[in-house]
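# Structural description and commentary
Chain by chain, the residues run as shown.
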Amino acid sequence: MNFNFINLQPYSNPQYFIYLLIALIPMVIGLYFGKRLKIYEAIFSLVFIFLIFDGTHWQQGVNIILYLIYEFIITFVYLRYRTKKNSPNKTWIFCLAVILAILPLTAVKVLTAMPVGTVPFVVGFLGISYITFKNVQVIMETRDGAIKEIDPGTYARFLLFFPTISSGPIDRYRRFKKDFDKAPSREDYITDLQYAVRYLFQGFLYKFILGWFFGTYWLPKITQAALTVGNANGGLKLSWWVLAYMYCYSMYLFFDFAGYSLFAVSISYFMGIHTPMNFNMPFISKNIKDFWNRWHMTLSFWFRDYIYMRFTFFAMKKKLFKSRIRLSQVSYFLLFLIMGFWHGLTWYYIVYGLYHAMAICINDSWLRFKRKHKKQIPSNKFTKWLAIFITFNVVCFSFLIFSGFLSQLWFGWQ
């Protein structure tokens, strides 16, 4: 076998699925007969994870091993502290555990933002963000008392659940463990298989057909036209081609990312694990809040539950703000600023986060105004579709910012 053939990046090409589906057959047969082949599943997962990080990606493989050892130490030391009899549950110890858990991801974001060649070694690995979110979630729920014990084997499989390792969705430990601890009934598993096949074909449509059309075929042509016309115009270098880029990139981003997510959910269902869906028709959202309840849902719900809500409760407890409206606005800006920094330490990611925070604050103000003047403001099919149209364009403009194209257009770099 050719050595270059060994390295397999998740869902990168149709050929990848041939090996994957063949390897899934024993697991599918076992689940059909009501048995979860945990040993085979563990070997199967480790082999495919190894094939992600072997060859030229071996340094990432070393990084993930060191990372897991580090995170396991933090998690289980904190678990022992929390489950110890008469544990005081001190806030500073909890905060320290969370900071230490996030530290590797923070270091990766900072180091990768440095000029090329500055860092003489490979930092991070594919999927470090999603594994970190899972780990921090467990620490937080351990502090709350929702998680009282953690099985090391199940926890390792939860963190390294290979269908979701590269691009999510972000599962929750208790939900994952419930599925993993027992095999579904035959009737339920047949239903799972039906969904798995449906999501697999839908993923192929999204990723390899629509995503290819918008991202590989059309987007480069529009990009070149926008740059050519923009440089000829001078000033802000804006043209109708920038608008075309905005819509084309938005479609590409959705179909490519939603395709990846569908593949992850599909393979999870083949394995008898109900990984949550990540997208729910986001482009028919009626407002920006509705959008974030439909777009990259597992990430947005994670940020909502573990950043927005916790900061809000903390601020209310400490009485940092007299006005609840002001508190929610500050919470939104904190939330989306962190989300922007998480995407990367570049101006357009940070502006993207601030833009969405501002959009939600404006949306909240409109909803309050609408409730007060309910009788004067019409509500019908036209206003519904107008709301969808406005939200769609607000979102697409945010994706134009997110893409970094404006940085390329104005400054010549991304």
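Looking at an unreviewed UniProt entry, the protein chain carries the name Teichoic acid D-alanyltransferase, with the source organism given as Lactobacillus hamsteri DSM 5661 = JCM 6256. If you open the UniProt record of the protein chain and go to Subcellular location (unreviewed entry), you find "Cell membrane". Recorded in UniProt for the protein chain, the comment headed Pathway (unreviewed entry) runs: "Cell wall biogenesis; lipoteichoic acid biosynthesis."

## Quick notes on the overall build of the protein chain
Helix and strand counts for the protein chain come out as 16 helices and zero strands. The globule rule puts the C-alpha radius of gyration for 414 residues at 22 Å, and the 23 Å found for the protein chain is close to it. Its C-alpha atoms give the protein chain principal-axis dimensions of about 60 × 60 × 50 Å. Counting all 414 residues of the protein chain, 49% fall into the buried class. Of the contacts made within the protein chain by residues no fewer than 6 positions apart, 74% connect residues no fewer than 24 positions apart. In the form shown here, the protein chain has an accessible surface area of approximately 21,600 Å², with 68% of it arising from carbon and sulfur atoms. Within the protein chain, the 17 negative side-chain charges are centred at a point lying 12 Å from the centre of the 43 positive side-chain charges.

## A few points about unusual backbone geometry
Trans peptide bonds make up the majority, and among non-glycine residues the majority have a negative phi. Residue P169 is bonded to the preceding G168 through a cis peptide linkage, with omega at 0°. Assignment of secondary structure puts P169 in the loop between α7 (152-159) and α8 (173-180). Its identity is not glycine, yet H296 carries a phi of approximately 40°, on the positive side. Of note, H296 is situated in the loop between α11 (288-292) and α12 (297-317). Non-glycine residue K319 carries a positive phi angle of around 55°. Structurally, K319 can be placed in the loop between α12 and α13 (324-343).

## Quick word on the packing of helix α6 (residues 128-144) against α7
Taken N-terminus to C-terminus, the directions of α6 and α7 make an angle of 140°; their axes are 9 Å apart at the nearest point. For the element pair α6 / α7, the angle class is oblique. From α6, I131, K134, N135, Q137 and V138 reach across to α7, where they touch Y155, F158 and L159. A class-by-class count of the residues in the contact of α6 with α7 yields five nonpolar, two polar and one charged.

## Concerning the domain arrangement of the protein chain
Domain parsing of the protein chain yields domain 1 (14-183) and domain 2 (280-414). Contacts between the two partners involve 15 residues from domain 1 and, on the opposite side, twelve residues from domain 2. Of the roughly 1,300 Å² buried where domain 1 meets domain 2, counting both sides, 61% is carbon and sulfur surface. Remark: the boundary between domain 1 and domain 2 carries two salt bridges. Its salt-bridge partner being D144, residue R310 comes within 2.4 Å of it at the nearest N-O pair. At the junction of domain 1 and domain 2, the tally comes to eight residue pairs in polar contact (both at pLDDT 80 or more). Among the residues forming the side of domain 1 that touches domain 2, the class breakdown is nine nonpolar, two polar and four charged.

## Let's talk about the side chain of D290
The residue D290 is located in helix α11 in this model. There is a polar contact of 3.0 Å between the side chain of D290 and the backbone nitrogen of K286. A distance of 3.2 Å separates polar atoms of two side chains, one belonging to D290 and the other to R294. Not counting the four nearest positions on each side in its chain, D290 is found in contact with I284 and S285.

## Considerations on the side chain of T223
Residue position: T223 is located in helix α9 (residues 186-233). Setting aside residues no more than four positions away along its own chain, T223 makes contact with Y245 and F405.

## Brief notes about the pattern of salt bridges
Taken as a whole, this structure holds eleven salt bridges when the rule is applied. Between R175 and D179 there is a salt bridge, and its shortest N-O distance comes to 2.6 Å. Residue R175 and its partner D179 are located together in helix α8, separated by four residues, close to a single helical turn. On the basis of relative accessible area, R175 is assigned to the partly exposed category, the value being 26%. One salt bridge in this structure joins D290 and R294, with 3.2 Å as the shortest N-O distance. With respect to burial, D290 and R294 carry one shared label: buried. Connected via shared salt-bridge partners are D171, R175 and D179.

What counts and how
- Residues numbered from 1 in each chain as written.
- Predicted model: local features only at pLDDT ≥ 70, side-chain atom pairs only at ≥ 80, totals over all residues.
- Heavy atoms only, no water.
- UniProt positions renumbered as here; feature names shortened; annotations may be inferred.
- Helix = DSSP H or I, 4+ residues; strand = E, 2+ residues; numbered from the N terminus.
- Rg over C-alpha atoms; globule rule 2.2 N^0.38 Å.
- Buried < 20%, exposed > 50% of the residue type's maximum accessible area, 1.4 Å probe, protein only.
- Contact = heavy atoms within 4.5 Å.
- Areas by Shrake-Rupley, 256 points an atom, 1.4 Å probe, with all protein chains shown as cover.
- Lys, Arg positive; Asp, Glu negative; His and termini not counted.
- Charge placed at Lys NZ, Arg CZ, Asp CG, Glu CD.
- Axes fitted to C-alpha atoms, helices over the stretch in contact; angles between N-to-C directions.
- Parallel < 35°, antiparallel > 145°, perpendicular 65-115°, else oblique.
- Nonpolar A, V, L, I, M, F, W, Y, C, P; charged D, E, K, R; others polar.
- Domains from an automatic or database assignment.
- Buried area = accessible area lost by both parts, 1.4 Å probe.
- Salt bridge = Lys/Arg side-chain N within 4 Å of Asp/Glu carboxyl O.
- Polar contact = N/O pair within 3.5 Å; in protein donor to acceptor, adjacent residues only side chain to side chain.

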